[in-house]
Amino acid sequence: MKNIGIFYGSLTGNTESAAKQIQKELGADVAKIFDTASAKASDIEQFSNLIFASSTWNDGDMEEDFEDFLPEISSADLKGKKVAIFGCGDQDSYPDTFVDAIGEIYEAIKEKGCDIVGMVPTDGYDFEESKAVVDEKFVGLPLDEENQGNLTGDRIKTWVNQLKTEFD
Ligand SMILES: Cc1cc2nc3c(=O)[nH]c(=O)nc-3n(C[C@H](O)[C@H](O)[C@H](O)COP(=O)(O)O)c2cc1C
């Protein structure tokens, strides 16, 4: 597998902790991790495979650092890269905007010539609406520490195995 850059935005640490678990599963020798509070477009461009991650806040918004990082993503050349997305949310308290940030990231990059991988079935989640669902699948991995924290470890392992076949 070619090199992987994980770029996350996290307010209370849940997405950060998941990013570290994902890095560990992929192997710290191939996967490097960046907090979007300080990362730049040039950091993005050095990787063949990318993972973008943001939690969802305020009824459907991206996490603030990730939102501020969007111009860096816009200015980066993503052509030919493989990109996967994940994020933390709370399906019980926010069933109408569950992990919307995943869907917003998807919208922001889908016309940039990259290949978006890591789609996840909606089975096992209980919510009403989500911008992260496109063609009946999540366009990235939703994690829910508030209600399904016991599933996070297995969900990450399964998703990373999928990425190992879908990344370059
Ligand atoms: C005020 C507030 C608003 C939230 N809004 C949403 C939301 O719209 N959709 C969602 O899925 N989760 C929402 N959440 C849940 C967070 O996304 C969840 O706690 C997540 O694990 C935080 O991840 P982080 O620590 O990486 O920022 C909200 C939480 C709070 C406290």
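Before any of the text, the structure's been laid out above.
In this text the structure is predicted, and so the values were computed from the model without any measurement.

S.K.: What exactly am I supposed to notice about unusual backbone geometry here?
M.R.: Among all residues except glycine, the phi angle is most often negative; among peptide bonds, the trans geometry is most common. For Asp135, which is not glycine, the phi torsion reads 50° and is therefore positive. Overall, Asp135 belongs to the exposed group, with 6 C-beta atoms counted inside 10 Å.

S.K.: How should I be thinking about the environment of Phe127 in this particular structure?
M.R.: Along the polypeptide, Phe127 turns up in the loop between β8 (120–121) and β9 (133–134). Dropping the residues within four chain positions of it, Phe127 is found in contact with Gln91, Pro95 and Phe98.

S.K.: For this particular structure, what's the right way to read the site of the ligand?
M.R.: Among the 23 residues in the neighbourhood of the ligand, the closest are listed as Ser10, Thr12, Thr15, Ser55 and Gly89. Of all the elements in the fold, those that place two or more residues in the shell around the ligand are α1 (14–26), β4 (56–57) and α5 (145–148). The class makeup of the residues in the shell around the ligand is six nonpolar, eleven polar and six charged.

S.K.: Explain the environment of Asn14 to me, please; I cannot follow it from the model alone.
M.R.: Along the polypeptide, Asn14 turns up in helix α1. A C-alpha to C-alpha distance of 26 Å links Asn14 and Glu45, two positions 31 residues apart in sequence. When sequence neighbours within four positions are dropped, the list of residues in contact with Asn14 reads Ser55, Cys88 and Glu145.

S.K.: Before we go on, may I ask you to explain the nonpolar core in this structure?
M.R.: Nonpolar side chains in soluble globular proteins tend to be buried together. In this structure, Ile6, Ile51, Phe52, Ala53, Ile85, Phe86 and Ile102 are the most contacted members of the largest nonpolar core, which totals 45 residues. Of all the elements in the fold, those that place two or more residues in this core are β1 (4–9), α1, β3 (49–54), α3 (64–75), β6 (82–88), α4 (100–109), β11 (141–143) and α6 (152–166). A total of five residues in this core trace back to one element, the largest contributor, which is β6. When sequence neighbours within four positions are dropped, the list of residues in contact with Phe52 reads Phe7, Val83, Ile85 and Ile105.

What counts, and where the lines are drawn
- Residues numbered from 1 in each chain as written.
- Predicted model: local features only at pLDDT ≥ 70, side-chain atom pairs only at ≥ 80, totals over all residues.
- Buried ≥ 20, exposed ≤ 12 C-beta atoms within 10 Å, placed from the backbone.
- Helix = DSSP H or I, 4+ residues; strand = E, 2+ residues; numbered from the N terminus.
- Contact = placed C-beta atoms within 7 Å.
- Near = placed C-beta within 6 Å.
- Nonpolar A, V, L, I, M, F, W, Y, C, P; charged D, E, K, R; others polar.
- Core = buried A, V, L, I, M, F, W, Y, C linked by C-beta atoms within 7 Å.

Keep in mind that these numbers describe shape and distance, not what the molecule does.
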